[in-house]
Amino acid sequence: MSGEPEFYDLRVNGATHAVSDAWLGESLLYVLRERLGLPGTKGACEQGECGSCTVLIDGDAVCACLVMAADAVDANVTTVEGLSAPTTLTDVQASFLAAGGVQCGFCTPGLVVAVHHLLDTNPNPSENEIREAISGNICRCTGYGRIFEAVRTAREERVAVRARGQK
Amino acid sequence: MTIVRPRTLDEAISALGDHPDAHVLHGGTDLMVEVNFAKTRPVDVVSLRRIAELRRWHVDDSTREIVVGAGVRWSDLEREPLRSLSPALAQAARTVGSPQIRAAGTIGGNLGTCSPAGDGLPVLSALDAIVVLRNRDGQREIPFHSFMTGPKRSVRKHDEIIVAVRWQPTGGFEGYAKIGVRNAMVIAVASVCLVHDPRAGEIRVALGAVGPTIIRARTAEAWLRERCDLRDLTTIGDDLSREFGARVRAEANAIDDHRSTRSYRHHGVGVLATRLLDRARKVTT
């Protein structure tokens, strides 16, 4: 490895994690999976084409493979593990299961993060906005029909929850 | 030193001055691909992500110029209020990668990488934009057409930071069109930006991915200006628009590669130039 080893802290899912003896060029994807024991974020293309490594950084959905981990210090990173307590499902995860939007499951964590980001920033997205929001997440199993169905279900449930809250 | 994370532009310039071979990192969407595929092994990195000054944009009160900081991201450019201020740049921004890429990648990074297929670059060329560079010795302002010198090559010196890009909006039509194998997540096979300046009476056309640099179709621009008064585009007929496309095509100088062929790219920029001119005619009428 070239250069000096890196030592830094990352704030992931609300907790501070120390990273030691890292190489400067390590991506956030690599550090999450191989150093911090958070394998929910998947890696495939490593060039920002597939979306399977989607995480939230300071509220933005980005590809963890294109983030230099040593540059993510003092940012708030949220991975799929941080969206709900262990062994519980988020509304989006539950709707993916109900709609059959999970087949091999490899793309699912990235899609779940992207859909959470969509519904948190745009509570009632149109069909086109849904398609645009997950256009960076590639799924080779489902043909997307059931994924769109899952997003619609999650959207409608959130709309219903908000309506009940306003009564 | 390995990675510096400056919070001010002065700190960044000083760090880069001390380590002129350092990689400049902003959104990471170009550099990290190189790193992940072991084409680059960074030893020193200067990260610009924390410099608030680079993330800002404004319209100059006296000159009415639009000044966009190098750290403004595609996701900012494709949304209001920038979308209305610069429709062509917003259209180009919308075609960059995926939402995840657009939330990270910056206009300054597009200039820094300086790929002939960079989506923002034909727009900056057609807008006659000026690139603002700064190092320890001071600031220099380079017109885009002198900035890019080849594929991934520019006049930026190793110790210079791209600070901003600025241009005078024309008040006329501006549009960007791109050809790729699909609608989302593609690198341009060919792209065109067309800007109408109704006051100067000119149409400006820049071509992407059909040459070693962005190409301004200046011969076709001059040809059109001689044919009609371009303060008003309603006098342009279908035949003239088609011939304009053919003349734009003649200025392309593309290569065959894994993404497309020279002849298809040349055909493509001709079609796109006619299409954009037709859109400009419709807006005016």
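Residues numbered from 1 in each chain as written. Chains lettered and ligands numbered in written order. Predicted model: local features only at pLDDT ≥ 70, side-chain atom pairs only at ≥ 80, totals over all residues.

Engineer: What's the story with the overall build of chain A in this structure? I'm lost.
Structural biologist: Secondary structure summary: chain A contains five helices and five strands in total. Reading the helices (α) and strands (β) of chain A from amino to carboxyl end gives β-β-α-β-β-β-α-α-α-α. For chain A, the C-alpha radius of gyration of 17 Å lies close to 15 Å, the compact-globule estimate for 167 residues. Along the three orthogonal principal directions, the C-alpha set of chain A runs to about 55 × 35 × 30 Å. The 167 residues of chain A split such that 42% are buried. (Helix = DSSP H or I, 4+ residues; strand = E, 2+ residues; numbered from the N terminus. Rg over C-alpha atoms; globule rule 2.2 N^0.38 Å. Buried ≥ 20, exposed ≤ 12 C-beta atoms within 10 Å, placed from the backbone.)

Engineer: Please explain the domain arrangement of chain B as it appears in this structure.
Structural biologist: Accessible area lost upon the coming together of the parts is a frequently used measure of interface size. Residue and element names in this part refer to chain B. The assigned domain composition of chain B is domain 1 (3-114 + 129-167) and domain 2 (174-284). Here the C-alpha centre of domain 2 lies 26 Å away from the C-alpha centre of domain 1. Residue-level contacts link twelve residues of domain 1 with twelve residues of domain 2. When residues of the side of domain 1 that touches domain 2 are traced back to their parent elements, those giving at least two are α5 (87-94) and β8 (148-150). Top element by residues in the side of domain 1 that touches domain 2 is α5. It accounts for four residues. In terms of residue class, the side of domain 1 that touches domain 2 is made up of five nonpolar, seven polar and no charged. (Domains from an automatic or database assignment. Contact = placed C-beta atoms within 7 Å. Nonpolar A, V, L, I, M, F, W, Y, C, P; charged D, E, K, R; others polar.)

Engineer: Whenever I open this one, the domain arrangement of chain A confuses me. Can you help?
Structural biologist: All names here are of chain A. Its domain assignment divides chain A into domain 1 (6-82) and domain 2 (91-166). Relative to domain 2, the C-alpha centre of domain 1 lies at a distance of 23 Å. Contacts between domain 1 and domain 2 engage twelve residues on the former and eleven residues on the latter. Among the elements that line the side of domain 1 that touches domain 2, the one with the most residues is strand β3 (residues 54-57), at three residues.

Engineer: I keep staring at the sheet that holds strand β5 (residues 76-78) of chain A and nothing clicks. Help me out?
Structural biologist: The pairing of strands in a sheet comes from backbone hydrogen bonds and takes either a parallel or an antiparallel form. Residues and elements named next belong to chain A. Taken together, five strands build an open sheet; the order of strands is β2-β1-β5-β3-β4 and the sheet is mixed. With partners counted over all chains shown, the strands left at the sheet margins are β2 (15-22) and β4 (60-63), one partner each. Pairwise comparison of adjacent strand axes, ignoring direction, gives a mean angle of 40 degrees for this sheet. With two bridges connecting them, strand β1 (residues 6-12) and β5 associate as parallel partners. From the neighbouring strand, Val12 faces β5, where its bridge partner is Val77. Where helix α1 (residues 28-35) meets the sheet, it contacts β1 and β2, and its direction lies at approximately 100 degrees from that of β2. Relative to β3, helix α3 (residues 108-121) is tilted by about 40 degrees, and along the sheet it contacts β3 and β4. (Pairing = 2+ DSSP bridges. Axes fitted to C-alpha atoms, helices over the stretch in contact; angles between N-to-C directions.)

Engineer: Hey, could you run me through helix α1 (residues 9-18) of chain B in this one?
Structural biologist: Within an α-helix, residues lying three or four positions from one another point in the same direction, as the helix has 3.6 residues per turn. Residue and element names in this part refer to chain B. Those residues of α1 lying buried are Ala12, Ile13, Ala15 and Leu16. Around the axis of α1, the buried residues are gathered within 165 degrees of arc, so they sit on the same side. Against β1 (3-4), β2 (23-25), β3 (45-47), β6 (130-135) and β10 (161-167) lie the buried residues of α1. (Arc of directions from axis to C-beta.)

Engineer: Explain the packing of helix α2 (residues 91-99) of chain A against α3(A) here, please?
Structural biologist: When two helices pack together, their arrangement is given by the angle between the helix axes and the distance between those axes. Residue and element names in this part refer to chain A. At their nearest, the axes of α2 and α3 sit 9 Å apart, and the two run at 125 degrees to each other. Of the possible angle classes, the one that applies to α2 and α3 is oblique. Crossing of α2 against α3: the hand is right-handed. For the pair α2 and α3, the contacting residues are Val92, Gln93 and Phe96 in the first and Thr108, Val112, Val115 and His116 in the second. (Parallel < 35°, antiparallel > 145°, perpendicular 65-115°, else oblique. Left-handed = near helix turned anticlockwise from the far one by under 90°.)

Engineer: How should I be thinking about the interface of chain B and chain A in this particular structure?
Structural biologist: Listed per partner, the contact involves 25 residues of chain B and 27 residues of chain A. Listed by contribution, the elements that provide at least two residues to the side of chain B that touches chain A are α2 (31-36), β3 and α6 (99-102) of chain B. For the side of chain B that touches chain A, the residue count by class is 14 nonpolar, eight polar and three charged.

Engineer: What exactly am I supposed to notice about unusual backbone geometry here?
Structural biologist: Phi is mostly negative for residues that are not glycine, and the peptide bonds are mostly trans. Cis geometry marks the peptide bond from Glu80(B) to Pro81(B); its omega dihedral reads 5 degrees. Even without a glycine there, the phi angle at Thr87(A) is positive, about 70 degrees. When you line up the elements, Thr87(A) lands in the loop between β5 and α2. One non-glycine residue, Arg64(B), lies in positive phi territory at about 65 degrees.

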